[in-house]
Amino acid sequence: MSQPLRLDRRRFLASTSAAVLGAGYFAGSLSAAESDSPNERLNIASIGTTGRAGSNLRGVATQNIVAMADVDDDLMAKAGEVYRSARRYRDFRTMLDKEAEHLDAVLVSTADHTHAAAAAMAMKLGKHVYCEKPLTHTVVEARTLADLAEEKKLVTQMGTQIHAGDNYRRVVELVQSGAIGPVREAHVWVGVDYAGKTFGKPQPAPKSLAWDLWLGPAPRRAYSEGVHPFNWRWFWDYGTGGLGDFGCHYMDLVHWALDLRSPTKVSAEGPKPHPLYTTSGLTVKWQYPARDKLPPVELTWYDGGRKPKQLADLKDAKGKPLDWKSGQLLVGSEGMIVSDYGKHLLLPVEKFADFKRPEPFIPNSIGHHAEWLRAIRSGGPTTCNFRYSGALTEAVLLGVAAYRSGETIDWDAEKLVCRGAEQAQHLMHTEYRQGWEL
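Residues numbered from 1 in each chain as written. Predicted model: local features only at pLDDT ≥ 70, side-chain atom pairs only at ≥ 80, totals over all residues. Heavy atoms only, no water.

Overview of the overall build of the chain
At step 1: The number of helices and strands found in the chain is 13 helices and 15 strands.
At step 2: The C-alpha radius of gyration computed for the chain amounts to 22 Å, which stays within 12% of the reference 22 Å derived for 438 residues, consistent with globular compactness.
At step 3: Its C-alpha atoms give the chain principal-axis dimensions of roughly 65 × 55 × 40 Å.
At step 4: Out of the 438 residues in the chain, the part that is buried amounts to 56%.
At step 5: The contacts of the chain with a sequence gap of at least 6 include a subset with a gap of at least 24, amounting to 69%.
At step 6: Split by element, the accessible area of the chain, about 18,600 Å² in all, is 51% carbon and sulfur.
At step 7: Each charge sign in the chain was given a centre, from 53 positive and 51 negative side chains, and these centres are 2 Å apart. (Helix = DSSP H or I, 4+ residues; strand = E, 2+ residues; numbered from the N terminus. Rg over C-alpha atoms; globule rule 2.2 N^0.38 Å. Buried < 20%, exposed > 50% of the residue type's maximum accessible area, 1.4 Å probe, protein only. Contact = heavy atoms within 4.5 Å. Areas by Shrake-Rupley, 256 points an atom, 1.4 Å probe, with all protein chains shown as cover. Lys, Arg positive; Asp, Glu negative; His and termini not counted. Charge placed at Lys NZ, Arg CZ, Asp CG, Glu CD.)

So this is what it looks like as structure tokens:
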């Protein structure tokens, strides 16, 4: 087997992580002083209250939840039973305007199409932001939020919670220590099916729902039952299908392990795209350039039952076929790693039977939300800040644009230009309704 690669980076990460984050970073949770002391608690507002928003609220429940915004009175009522002292609003713009002087940070857990408007307003007011994935609905929005976070020197985190899991960290260590040699090929497949939903017959919205506020920057459309609160993911005006919903989770590991940022070329194939509705059965390819002595990489995404053909020939330690519903496959010159959220395997199994793993050099996380809270207090880094997660989101959304446009994108990341792909260029951003500008 080849000698481990990039040990200089390993030592750098090991030393700087400990120095910057401190020994407390290795703990399993926030210290009692940070989590319980009234003088240490942050004042946080939440945009969205249940579903992913509810999970994010629970992740920061040790802090002062001072205000919540939700366009749905019924959902707000449920959250209000838990966070009784939080002031309640329907319009997050009103909440941020009125509560600005009291706030330290904001959670953004709305539908994808309002992430950017909410996060940008909060950051312009100088508030730290935690935002659900995908970070934004368009490429331009992702770049805008990343630039804002740096300009305002704010602590940000995208809600790819699996990034905090031990499994991803151990895989990154294996790849970056050279266990499988240089990687030129990676595959990501997710067994999701975002097809088959359509708008129903227009009808009046329930009295409990401020439908026009829910639409936010999206085009005006009559209420259709079944879109809110979850199925908006199946509609291009609000969501980004299976790729947008899961790409930031599964492609995250590949981006992290291989130091990927901006692809140079993106192409996609699948069922004929519909102008309104998402579908499944996509295969999307990204070409990434060589970087820091690492070779170019081709990353391929599959959904709707599609999987990389290499899986058919791979077997686990018991000799059984690797029939994983979702996962990542990194192909190196000396071997392969297959992984998912909770497990991974070096392949071929017999070659790595006596393999000695590298000493861990990426600290275990104190928790994805806790990491953000501690960084706000300390000024330290987060692992999914908007510069990192913005680039990841851009790549995911470029895949969406390549599929929807039917064009191959030659991507100029600096200028945000899709060379030779006019229809894809139109999908880099969308026109907002008045009152919802970034």
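Overview of the sheet that holds strand β6 (residues 156-159)
At step 1: Judged by pairing direction, the sheet is parallel, and its 6 strands sit side by side in the order β3-β2-β1-β4-β5-β6 without closing on themselves. Bordering the open sheet on either side are β3 (87-89) and β6, each of which pairs with just one other strand. The average angle at which neighbouring strand axes cross in this sheet is 20°, direction not considered.
At step 2: Taken together, the 4 bridges between strand β4 (residues 105-108) and strand β5 (residues 128-132) define a ladder with parallel strand orientation. Following the sheet pairing, L107 is matched in β5 by Y130. (Pairing = 2+ DSSP bridges. Axes fitted to C-alpha atoms, helices over the stretch in contact; angles between N-to-C directions.)

Observations regarding the pattern of salt bridges
At step 1: Taken as a whole and assessed by the stated rule, the structure comprises 21 salt bridges.
At step 2: A salt bridge links D245 to K133, with the shortest nitrogen-to-oxygen separation between them at 2.5 Å. One end of the pair, D245, is in helix α10 (residues 241-258); the other, K133, is in the loop between β5 and α7 (139-152), and 112 residues separate them in sequence. Like K133, D245 is buried.
At step 3: The structure contains a network of salt bridges with shared partners spanning K133, R233 and D245. (Salt bridge = Lys/Arg side-chain N within 4 Å of Asp/Glu carboxyl O.)

Thoughts on the pairing of strand β10 (residues 297-303)
At step 1: For β10, a buried count of 6 out of 7 residues is recorded, marking the element as mostly surrounded by other parts of the structure.
At step 2: The pairing of strand β7 (residues 183-190) with β10 spans 6 bridges and is parallel. Directly across from V190, in β10, lies its bridge partner D303.
At step 3: Bridging between strand β9 (residues 283-288) and β10 involves 6 bridges; their strand directions are antiparallel. The residue of β10 that forms the bridge with T283 is Y302.

Re the packing of aromatic side chains
At step 1: Applying the stated rule across the entire model yields 15 aromatic pairs.
At step 2: Judged by centre distance (6.4 Å) and plane angle (80°), the rings of F199 and Y238 are edge-to-face. Of this pair, F199 sits in the loop between β7 and α9 (211-215) while Y238 sits in the loop between α9 and α10, placing them 39 residues apart in sequence. Accessibility assignment for this pair places F199 and Y238 in one class, buried.
At step 3: Here the aromatic cluster, defined as three or more aromatic residues joined through ring pairs, consists of F199, W211, W214, Y223, F235, Y238 and Y277.
At step 4: Sitting over the ring of F246, K133 keeps its end group 5.9 Å from the ring centre.
At step 5: Over the ring of W324 we find K343; its NZ or CZ atom is 4.3 Å from the centre of that ring. (Phe/Tyr/Trp six-rings, centres within 6.5 Å; stacked < 30°, edge-to-face > 60°. Lys NZ or Arg CZ within 6 Å of the ring centre and 35° of its normal.)

So, unusual backbone geometry
At step 1: For the bond running from K133 to P134, omega is -20°, close enough to zero to count as cis.
At step 2: Residues L347 and P348 are joined by a peptide bond in cis, for which omega reads -5°.
At step 3: Among the structural elements, P348 can be located in the loop between β13 (344-347) and α11 (368-378).
At step 4: Even without being glycine, D292 reaches a positive phi, approximately 50°.
At step 5: For K293, which is not glycine, the phi dihedral falls at a positive 70°.
At step 6: Topologically, K293 is positioned in the loop between β9 and β10.
At step 7: Note on K293: relative accessible area 86%, which makes it exposed.

Focus: the layout of surface pockets
At step 1: Estimates place the volume of the second largest pocket at around 520 Å³.
At step 2: Around the second largest pocket sit 32 residues that line it, and G48, S109, T110, A111 and P229 are the ones nearest its centre.
At step 3: Put simply, the parts of the chain that give the lining of the second largest pocket at least two residues each are α3 (52-59) and α9.
At step 4: For the lining of the second largest pocket, the residue count by class is 13 nonpolar, 10 polar and 9 charged. (1 Å grid on protein atoms, 1.4 Å probe; cavity = no way out; pocket = protein on both sides within 12 Å on 5 of 7 lines; lining within 4 Å. Points joined across faces, edges and corners; volume = space filled by probe spheres on them. Nonpolar A, V, L, I, M, F, W, Y, C, P; charged D, E, K, R; others polar.)

Details of the environment of M95
At step 1: Among the structural elements, M95 can be located in helix α5 (residues 92-99).
At step 2: For the pair M95 and A45, spaced 50 residues apart in sequence, the C-alpha separation works out to 8.5 Å.
At step 3: Excluding residues that lie within four positions of it along the chain, M95 makes contacts with A45, S46, I47, A67, M68, A69, Y89 and A100.

A closer look at the packing of helix α8 (residues 166-176) against α10
At step 1: Where α8 meets α10, the closest approach of the two axes is 8 Å, and the angle between their N-to-C directions is 35°. α8 and α10 meet at a crossing whose hand is right-handed. Residues Y168, R169, V171, V172, V175 and Q176 of α8 form the contact with α10, whose own contacting residues are H249, Y250, D252, L253, W256, A257 and L258.
At step 2: Of the residues assigned to the contact of α8 with α10, the class counts are 9 nonpolar, 2 polar and 2 charged. (Left-handed = near helix turned anticlockwise from the far one by under 90°.)

Digging into α3
At step 1: Looking only at α3, the buried set comprises A53, G54, N56 and L57. End-on, the buried residues of α3 take up no more than an arc of 165°, which puts them together on one face.
At step 2: Close packing links the buried residues of α3 with β1 (43-47), β2 (64-69), β4, β5 and α11. (Arc of directions from axis to C-beta.)

Description of the pairing of β4
At step 1: Side-chain alternation along β4 places A105 and L107 on one buried face and V106 and V108 on a second face that is also buried.
At step 2: Where β1 meets β4, 4 bridges bridge the pair, whose relative direction is parallel. Bridged to A45 within β4 is V106.
At step 3: At this point the chain moves from β4, through helix α6 (residues 115-124), to the parallel β5, and the crossover so formed is right-handed. (Right-handed = clockwise from strand over helix to strand, strands pointing away.)

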